[in-house]
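Structure assessment
Here is how the chains run, residue by residue.
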Amino acid sequence: MKRAVLIALPLLALTATGAQAQDHSGHVMPGAAPAEDTVPAAEDAPAAPPPAVPADHAADAYYDPAQMAQARKMLAYEGGGMPNSMLMIDRLEWRPGPGGDGYNWEIEGWTGGDIDRLAIKSKGEGDFTGKAEKIELQAGWFHVLDPWFNLRIGVRQDLQPQPRRTHAVLAIEGLAPYWFETEGELFLSQKGEVTARGEVSYDQMITQRIVLQPRVEVNLSAQDMPQLETGAGLTSLELGLRLRYEFVREFAPYVGVNWERKLGKTARYASAEGESPGGLRFVTGVRFWF
């Protein structure tokens, strides 16, 4: 018994010594004041001002600064600052029908830079048996608002129907969420007549070359225009569905159907003239751009 006690006493002494040697710097004993933190908190540190934007160029120390300025200007030009242009024949189509074959076109183009451009546009339709029912020309200034939408301000000249009208144009166009191509146009004629037009289309990729495009167009008028056989309110509605095959992105023939209808008093004007207020037609045409 005495021998067991003599062996246990040294072991207890070693255990006590090891416990005292442990680091307790991270603990605060009861009643003891915590040590002051000598490192300032991040939120208490003063905010350093950002460095100044460099105004010099290292290459100017070795080469003629005038030549380097010209080189930088050329780099910015070739990297996206150069003017570009595009002409899109979005619809050039034939519309066969029992009352006579018809045609329709829609063309738009632009030239300029990434932010500001000169924009042109033309729309029209008619029957091969008579004169064109509608011929519209537009030109104006095109300005980018953000990565998705653009502002267009310009002038529109109607060559048909008669009597002719000249309009001021204010339009917003671009790519809406879920990849819908949208366009809204507001027109003010020299007679003080206010009209509007809205278009929405969507390109559904069936394959890498086959594209199905549904499209909706609505036209509105703020007042009656008896000379143009147009009533106030919603004047016409057009629904189209076209299936195109892109041999290349720049060239794509298509087939489809198109339904249009004059509405309200505008439809009554058409009926009084012995014209059909609308109907369904098959269409075939081509879409190309360069």
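Up top you'll find the structure we're talking about.
So, here is what we can say about the structure in this document. None of these values were measured; they are calculated from a predicted model.

Mapped onto the fold, Arg215 is located in strand β10 (residues 210–221). For Arg215, a relative accessible area of 5% gives the class buried. Only 3.4 Å separates the side chain of Arg215 from the side chain of Glu199, close enough to count as a polar contact. At 2.6 Å, the side chain of Arg215 forms a polar contact with the side chain of Glu217. Beyond its immediate sequence surroundings of up to four residues, Arg215 is in contact with Arg91, Glu106, Lys123, Glu199, Val200, Ser201, Glu238, Leu239 and Gly240.

This paragraph deals with helix α3 (residues 264–272). Taken residue by residue, α3 has Thr266, Ala267, Tyr269 and Ala270 as its buried positions. Burial along α3 is one-sided: seen end-on, the buried residues are contained in an arc of 155 degrees. Of the residues in α3, the exposed ones pointing more than 90 degrees away from the buried face are Arg268 and Ala272. As for α3, its buried residues are in contact with β11 (233–245) and β12 (251–262). Of the residues one or two after α3, Gly274 is the one with positive phi, at around 80 degrees.

What follows covers unusual backbone geometry. In the segment running from Gln160 into Pro161, the intervening peptide bond is cis, with an omega of 0 degrees. The residue Pro161 is located in the loop between β5 (149–160) and β6 (166–176) in this model. The amide bond that connects Gln162 to the next residue, Pro163, takes the cis arrangement and shows omega of -5 degrees. Within the secondary structure, Pro163 is located in the loop between β5 and β6. Positive phi outside glycine occurs at Tyr178, with the angle close to 70 degrees. For Tyr178, the location among the structural elements is in the loop between β6 and β7 (180–189). Although it is not a glycine, Glu229 sits at a positive phi angle of roughly 55 degrees. Turning to its location among the elements, Glu229 is positioned in the loop between β10 and β11. Residue classification places Glu229 among the partly exposed positions, given a relative accessible area of 29%.

Cut-offs and rules
- Residues numbered from 1 in each chain as written.
- Predicted model: local features only at pLDDT ≥ 70, side-chain atom pairs only at ≥ 80, totals over all residues.
- Heavy atoms only, no water.
- Helix = DSSP H or I, 4+ residues; strand = E, 2+ residues; numbered from the N terminus.
- Buried < 20%, exposed > 50% of the residue type's maximum accessible area, 1.4 Å probe, protein only.
- Polar contact = N/O pair within 3.5 Å; in protein donor to acceptor, adjacent residues only side chain to side chain.
- Contact = heavy atoms within 4.5 Å.
- Arc of directions from axis to C-beta.

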